[in-house]
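Remarks on the overall topology
Residue-level listing of the chains:
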Amino acid sequence: MTIAGPDPGPGFGAVRPVPRTPSGLFPSGPPTRPTYREPHPVTGGGVAVGGGVAAGWLLLFGLLGTDVASYAWWTVIAGLLAWVTALVLVRHGDRGVATGVAIVTAGGWSIAAAVVAVRWATSGDWPLW
């Protein structure tokens, strides 16, 4: 009596065809090189927070001024300090907040320059010295 195993089927021992190598036009798997992601992506919320903080900072320093010249100089000093902070944030922190700080600081400096220009145009005397 012979004991037979399961029927191996018609393809037993047949050589399977080698799958085709994709051309790359339609990739079949994950990329072969690594994908790098931003560790601190810039978000709208971060830009808004940075802009709000910078606006408050410039407002506080601007209120220290008693005339146009002191307002302009306090705004320049506050803006320089804010930009140093933005540079530190770009390197070691949230770049979205740094972007908001830089944008609002530039706007604050533009307002201070406009105030100085209007005073200079109306009085004929340069107000910063």
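Coordinates for the structure precede this section.
Note that the structure is a prediction, hence the values are computed from the model and not measured.

Further remarks concern the overall build of the chain. Secondary structure summary: the chain contains 3 helices and 0 strands in total. Secondary structure elements of the chain occur, N-terminal to C-terminal, as α-α-α. Burial analysis of the chain (129 residues in total) assigns 22% to the buried set. If you take every contact in the chain between residues at least 6 apart in sequence, the share linking residues at least 24 apart comes to 61%. Accessible surface, the chain: about 10100 Å² in total, of which carbon and sulfur atoms supply 69%.

What follows concerns the packing of aromatic side chains. For the coordinates displayed, the defined rule picks out 6 aromatic pairs. Aromatic pair Trp120 and Trp126: ring centres 4.7 Å apart, planes at 80°, arrangement edge-to-face. For Trp126, a relative accessible area of 30% translates into the label partly exposed. What links up through ring pairs into an aromatic cluster is the set Trp73, Trp120, Trp126 and Trp129.

Let's shift gears to helix H2 (residues 68-92). Between its terminal C-alpha atoms H2 stretches 36 Å, which fits the 36 Å expected from 25 residues at 1.5 Å a residue. Within the sequence span of H2, burial applies to Val68, Ala69, Ser70, Ala72, Thr75, Ala78, Gly79, Ala82 and Ala86. Among the structural elements, helix H1 (44-62) and helix H3 (95-123) are those in contact with the buried residues of H2.

Time to look at the nonpolar core. Counting residues in hydrophobic clusters, the biggest one holds 6 residues: Ala54, Ala82, Ala86, Val97, Ala98 and Val101. When residues of this core are traced back to their parent elements, those giving at least two are H2 and H3. If one sorts the elements of this core by residue count, H3 sits on top with 3 residues. Discounting residues that sit within four places of it in the chain, Ala82 has contacts with Trp57, Val101 and Thr105. Counting 5 residues, the second largest nonpolar core, distinct from the first, contains Val68, Ala69, Ala72 and Val116.

One can find Thr105 in helix H3. The class of Thr105 is buried, set by a relative accessible area of 0%. Residues in contact with Thr105, not counting those within four places in the same chain, are Ala54, Leu58, Gly79, Ala82 and Trp83.

With that out of the way, let us pick up the environment of Ser70. With respect to the helices and strands, the residue Ser70 is situated in helix H2. A residue is classified by how much of its surface remains accessible, and Ser70, at 18% relative accessible area, is buried. C-alpha of Ser70 to C-alpha of Pro127: the two residues are 57 residues apart in sequence and 9.4 Å apart in space.

What counts and how
Residues numbered from 1 in each chain as written. Predicted model: local features only at pLDDT ≥ 70, side-chain atom pairs only at ≥ 80, totals over all residues. Heavy atoms only, no water. Helix = DSSP H or I, 4+ residues; strand = E, 2+ residues; numbered from the N terminus. Buried < 20%, exposed > 50% of the residue type's maximum accessible area, 1.4 Å probe, protein only. Contact = heavy atoms within 4.5 Å. Areas by Shrake-Rupley, 256 points an atom, 1.4 Å probe, with all protein chains shown as cover. Phe/Tyr/Trp six-rings, centres within 6.5 Å; stacked < 30°, edge-to-face > 60°. Expected span 1.5 Å × (residues − 1). Core = buried A, V, L, I, M, F, W, Y, C linked by side-chain atoms within 4.5 Å.

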